[in-house]
Number of protein chains: 2
Amino acid sequence: MREDTRTRIQEIALRLFTEQGYEATSLREIAEELGVTKAALYYHFKTKDDIVASLVDLRAAEVEELLDWARSQPKTPEMRRELLRRYADNLMRPRYLEVARFLERNQTALREQPKLVKMRDTMLALTAEMNEPGATAAERISRSLALFALHAGKWLTQESELSDEEITKASLEVAMRLLEP
Amino acid sequence: MREDTRTRIQEIALRLFTEQGYEATSLREIAEELGVTKAALYYHFKTKDDIVASLVDLRAAEVEELLDWARSQPKTPEMRRELLRRYADNLMRPRYLEVARFLERNQTALREQPKLVKMRDTMLALTAEMNEPGATAAERISRSLALFALHAGKWLTQESELSDEEITKASLEVAMRLLEP
DNA sequence: GTCTATAGTTCGATAGAC
DNA sequence: GTCTATCGAACTATAGAC
């Protein structure tokens, strides 16, 4: 049985938005690849922006869940390590990683998307949960960078002979070191 | 005496491309802000893409110079530290940093710009110069991330109460730690 | 060097038939 | 749910006058 059209639109849009950029991808292209006309897309999504919103939703829920968890925990070194582990686990899910990459690459174009603005706030709050009030500038940068290191490994994969697993493991290792005093 | 028009076009384009994105910025907007018509822009630059090329040139020269220097040096820990210092110094120049930010935010839209493709190769070669042949995955990621850490501090500045100097100093500190075994 | 004017194209979005 | 047909608006780029 075939996937429903709505999901297929999301898949194609996600790929094209990531490869070419949001603005550079027209609804005509998406429709053509799906084998329908633009008008059909408008049956499933109110606007082009609505497609993006539906993609953000795929990721936002998990990040917010992670923030809720972090806030329920004491700010200990072990909590920070566990936070990185959980974040790395999320990044392992294929669909999630694809959305993350799409969002990374289209920050400017989507800077006014309300759902994305909210998610950015959530991410910022997440880094805040990794720092005590008295943390130094180097500590703040270092710990924020730790979260980022988990993403960074992924784009190195493209040009490298290393396996996906090696990259994931090594990224987590580097991230963990950034937490150490 | 007024700045020449060509330079003013570059300045306005750089700002708008960074704020709104390359695709989202039309030549009409640039022309309006400059107080001329689109046609005037076409006198100074052959295409919209040509404006980008001229902006990339502002940065590419320094990165290539840095690569040449790195290749002339033995791959020692001290050479890597010195490389970070030089890279951080480059980032301090205002115009250079602005171009870096513009390029970061428009990677997808500009992925086929030949000058940018070349500069990406140069950056990749630069990270390669930071690793011995036998380096582990974690070392490779860590050292590549060190270069990136210098950029990362900059976007944290926006939301922080920290001064620019503190950020720069702290970023270099974090980057240096990423070089350590 | 800068202008007006416009060609040529594409876009997001809608109306209405089936 | 998908189609045809079309709209108004925006875009890049060019031609030619001044």
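Every chain begins its residue count from 1, and numbering advances along the sequence as written. Chain letters start at A and ligand numbers start at 1, both assigned in the order the entries are written. Residues qualify for local features only when their pLDDT is at least 70, as the model is predicted, and side-chain atom pairs are given and counted only at 80 or more; totals for whole chains, interfaces and linings, by contrast, use all residues. Where side-chain values are given, they derive from all heavy atoms of the structure, hydrogens and water being excluded.

1. Notes on the pattern of salt bridges
By definition, a salt bridge exists where a carboxyl oxygen of Asp or Glu is found within 4 Å of a side-chain nitrogen of Lys or Arg. Taken as a whole and judged by the stated rule, the model has 28 salt bridges over all chains. For R28 of chain A, the salt bridge goes to E32 of chain A, with nearest N and O atoms at 3.4 Å. With a gap of four residues between them, R28 of chain A and E32 of chain A both fall in helix α2 (residues 27-34), about one helical turn apart. In this structure, the salt-bridge partner of E19 of chain B is R15 of chain B, at a minimum N-O distance of 4.0 Å. Secondary structure follows DSSP: runs of H or I at least 4 residues long count as helices, runs of E at least 2 residues long count as strands, and numbering of each begins at the N terminus.

2. What to know about the packing of aromatic side chains
Aromatic pairing here means that ring centres of Phe, Tyr or Trp (its six-membered ring) are within 6.5 Å. Orientation follows from the plane angle: under 30 degrees is stacked, over 60 is edge-to-face, and everything else is tilted. Within this structure, the stated rule accounts for five aromatic pairs over all chains. Between F148 of chain A and F148 of chain B, the aromatic rings sit 5.0 Å apart at their centres with planes inclined by 0 degrees, giving stacked as the arrangement. With one member in each of two chains, F148 of chain A in helix α8 (residues 137-157) and F148 of chain B in helix α8 (residues 137-157) form a pair that bridges those chains. Of the two residues examined, F148 of chain A and F148 of chain B, each falls in the buried class. The structure contains a cluster of three or more aromatic residues connected by ring pairs, namely F17, Y22 and F102 of chain A. Counted as over-ring charges are cases with an Arg CZ or a Lys NZ within 6 Å of the ring centre that also lie within 35 degrees of the ring normal. If you follow K48 of chain A out to its NZ or CZ, it ends over the ring of Y22 of chain A, 4.3 Å from the centre. Between the NZ or CZ atom of R86 of chain A and the centre of the ring of W69 of chain A, over which it lies, the distance is 4.2 Å. Three exposure classes are used, based on accessible area relative to the maximum for each residue type with a 1.4 Å probe and protein chains only: buried under 20%, partly exposed in between, and exposed over 50%.

3. Some details on the domain arrangement of chain A
Residues and elements named next belong to chain A. The start and end points of each domain follow an automatic or database-based domain assignment. Each domain of chain A was delimited in the assignment, giving domain 1 (1-45) and domain 2 (48-179). For domain 1 versus domain 2, the separation of C-alpha centres amounts to 27 Å. Should any heavy atoms of two residues lie within 4.5 Å, those residues are counted as being in contact. Listed by partner, the interface residues are 14 residues for domain 1 and 16 residues for domain 2. In this description, buried area is defined as the sum, over both parts, of the accessible area (probe of 1.4 Å) that is lost when the two are combined. With both sides pooled, the region where domain 1 packs onto domain 2 buries about 1,400 Å², and carbon together with sulfur makes up 69% of that total.

4. Focus on the side chain of S142 of chain B
Turning to its location among the elements, S142 of chain B is positioned in helix α8. Setting aside residues up to four positions removed in sequence, S142 of chain B forms contacts with V174 of chain A together with L178 of chain B.

5. As for the interface of chain A and chain B
The interface of chain A with chain B comprises 33 residues on the first partner and 33 residues on the second. Interface area, chain A with chain B, both sides summed: about 2,700 Å², of which 69% is carbon and sulfur. Three residues, T108, I141 and R177 of chain A, lead the burial of chain A against chain B; their summed loss comes to 22% of the area buried on that side. At the surface where chain A touches chain B, the tally comes to zero salt bridges. N or O atoms closer than or at 3.5 Å make up a polar contact, with two conditions inside protein: a donor-capable atom paired with an acceptor-capable one, and, for residues adjacent in sequence, both atoms drawn from side chains. For the pair chain A and chain B, the number of links is seven residue pairs in polar contact (both at pLDDT 80 or more). With twelve residues, the single largest contributor to the side of chain A that touches chain B is α8 of chain A.

6. Some points on the protein's contact with DNA strand D
The cutoff for a nearby residue is simple: one of its non-hydrogen atoms must lie within 4 Å of the molecule or strand. Neighbouring DNA strand D are 17 residues; T37, Y43 and H44 of chain A together with R28 and K38 of chain B lie closest to it. At a separation of 2.8 Å, a phosphate oxygen of DNA strand D approaches a polar side-chain atom of Y43 of chain A. K48 of chain B is positioned with one of its side-chain polar atoms (N or O) 3.2 Å from a phosphate oxygen of DNA strand D. Mapped by element, the contributors of at least two residues to the surface near DNA strand D are α3 (38-44) of chain A together with α2 (27-34) and α3 (38-44) of chain B. Ranked by residue count, the leading element in the surface near DNA strand D is α3 of chain A, at four residues. Note on residue classes: Ala, Val, Leu, Ile, Met, Phe, Trp, Tyr, Cys and Pro are nonpolar, Asp, Glu, Lys and Arg are charged, and everything else, Gly too, is polar. A class-by-class count of the residues in the surface near DNA strand D yields seven nonpolar, seven polar and three charged.

7. Let's talk about the relation of the copies chain A and chain B
Here the copies were fitted onto each other by least squares, based on C-alpha atoms from residues at pLDDT of at least 70 in both. In screw terms, the move from chain A to chain B is a rotation of 180 degrees and a rise of 0.0 Å along the axis, fitting with an RMSD of 0.1 Å. One copy is carried onto the other by what is essentially a two-fold rotation axis. For chain A, the smallest separation between a C-alpha atom and the rotation axis is recorded for E23 of chain A, amounting to 3.2 Å. Taken as a fraction of all interface residues of chain A, those also at the interface in chain B reach 100%, which identifies the copy contact as same-surface.

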